[in-house]
Amino acid sequence: MKAYLDLLQDIWDNGVEKEDRTGTGTISVFGRQLRVDLQQGFPLLTTKKLHTRSIVHELLWFLSGSTNVNYLRENGVTIWDEWADEEGNLGRVYGAQWRTWQGPNGQVIDQITNVIRQIRTNPDSRRHLVSAWNPAEVDSMALPPCHYAFQFYVANGRLSCMFHMRSVDTFLGLPFNLASYALLTHMVAQQCDLEPGELIWSGGDVHIYSNHKEQVQLQLTREPHPLPALSIKRKPESIFGYKFEDFEFVGYQSHPGIKAPIAI
Ligand SMILES: Nc1nc(=O)c2c([nH]1)NC[C@@H]1CN(c3ccc(C(=O)N[C@@H](CCC(=O)O)C(=O)O)cc3)CN21
Ligand SMILES: O=c1ccn([C@H]2C[C@H](O)[C@@H](COP(=O)(O)O)O2)c(=O)[nH]1
């Protein structure tokens, strides 16, 4: 994950100071890409300890189609609490767009089921795409999607994934997002009898919040450890059958966690 540290350094060296919606202030660059070969290990940051529990539960929650934080809270995950209303609702965020995109004639589109069916039946298609960016509904979301689209690609028996982010909290958000899409790629690959290939991240406004600068400097002094491996204990009937206990990050060795405030 040297590439991640290089990205932090790149923002540090080339970023411009920019105000933002949260009032925190950032240094920011525009348009960057990272590529990770999933055959070389699972891309979990080793230069600070990541809370894998939150990452796994958040992905299972997206896949379930839920947009209420109750499931997360029941499992001790608090990362979406600041954006939820009194009933725990977030509006038509990721889960809703992935599983129940509403068409103009009242039809409901399950993009996840569809994309997996397509990968299985027509792997060479160039349309293996899921979009969370729904212009008709962005105003009814607690936060418009940051990771707004992803695409799969099949070649040589391997499944690769490219995902796009319009706005990137590089210190707190991106490590979660990379691990989450790596996990999703492993799951979809298993469901489609493929091996995981490459994970490609592309970012628009890629920033470091002004109150994360010390944390970033500390992280940049640290040497990465070897990457862990992901073990999936069983193959469920469908992409929606995975449980938290099915995943193990084998050999995850990391530097200690680094606390940082989240910009709301
Ligand atoms: N400013 C901002 N950055 C984000 O990354 C972000 C948002 N807002 N809003 C929506 C979601 C929520 N996400 C979050 C929220 C909190 C943490 C966070 O505080 N992470 C801590 C550990 C917290 C935990 O797992 O309990 C960390 O040290 O990584 C990470 C991602 C990602 N998204
Ligand atoms: O998965 C996520 C979700 C959110 N973020 C970050 C990116 C920005 O710092 C904020 C969102 O603020 P906007 O003003 O809507 O851009 O959250 C992330 O990095 N990853």
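See above for the structure.
Everything quoted here is computed from the prediction, not taken from an experiment.

A.B. asks: What is the right way to read helix H1 (residues 2–14) from this model?
C.D. replies: For an α-helix, 3.6 residues make a turn, and residues three or four places apart therefore share a direction. With 13 residues, H1 should reach 18 Å at 1.5 Å per residue; the first-to-last C-alpha distance of 18 Å fits that figure. Restricting attention to buried positions, one finds in H1 the residues Tyr-4, Leu-7, Leu-8 and Ile-11. Projected onto a plane normal to the axis of H1, the buried residues spread over an arc of 100° and lie on a single side. Relative to its buried face, H1 has exposed residues pointing more than 90 degrees away, namely Lys-2, Asp-6, Gln-9, Asp-13 and Asn-14. Summarising the contacts, the buried residues of H1 are in contact with strand E2 (26–37), strand E8 (195–209) and helix H7 (213–220).

A.B. asks: Would you take a moment to explain the site of ligand 2 for this structure?
C.D. replies: Ligand 2 sits among Arg-21, Leu-143, Pro-144, Cys-146, His-147, Ser-167, Val-168, Asp-169, Gly-173, Leu-174, Asn-177 and Ala-263. Elements with a contribution of two residues or more to the shell around ligand 2: strand E7 (158–169) and helix H6 (173–191). Among the residues forming the shell around ligand 2, the class breakdown is 6 nonpolar, 4 polar and 2 charged.

A.B. asks: Looking at this structure, I do not really get the pairing of E7. What am I missing?
C.D. replies: Of all 12 residues making up E7, 9 are buried, and the element is well covered by its neighbours. Here 8 bridges tie strand E6 (residues 147–155) to E7, and the two strands are oriented antiparallel to one another. The residue of E7 that forms the bridge with Tyr-153 is Ser-160. Here E6 hands over to E7 after 2 residues, with Asn-156 in that stretch at a positive phi of 50°. In this sheet, E8 lies alongside E7 in parallel orientation, the contact comprising 10 bridges. Looking at the pairing, Phe-163 lines up with Trp-201 of E8. Since E7 and E8 lie parallel, the crossover through H6 that links them has a hand, and here it is right-handed.

What counts and what doesn't
Residues numbered from 1 in each chain as written. Chains lettered and ligands numbered in written order. Predicted model: local features only at pLDDT ≥ 70, side-chain atom pairs only at ≥ 80, totals over all residues. Helix = DSSP H or I, 4+ residues; strand = E, 2+ residues; numbered from the N terminus. Expected span 1.5 Å × (residues − 1). Buried ≥ 20, exposed ≤ 12 C-beta atoms within 10 Å, placed from the backbone. Arc of directions from axis to C-beta. Contact = placed C-beta atoms within 7 Å. Near = placed C-beta within 6 Å. Nonpolar A, V, L, I, M, F, W, Y, C, P; charged D, E, K, R; others polar. Pairing = 2+ DSSP bridges. Right-handed = clockwise from strand over helix to strand, strands pointing away.

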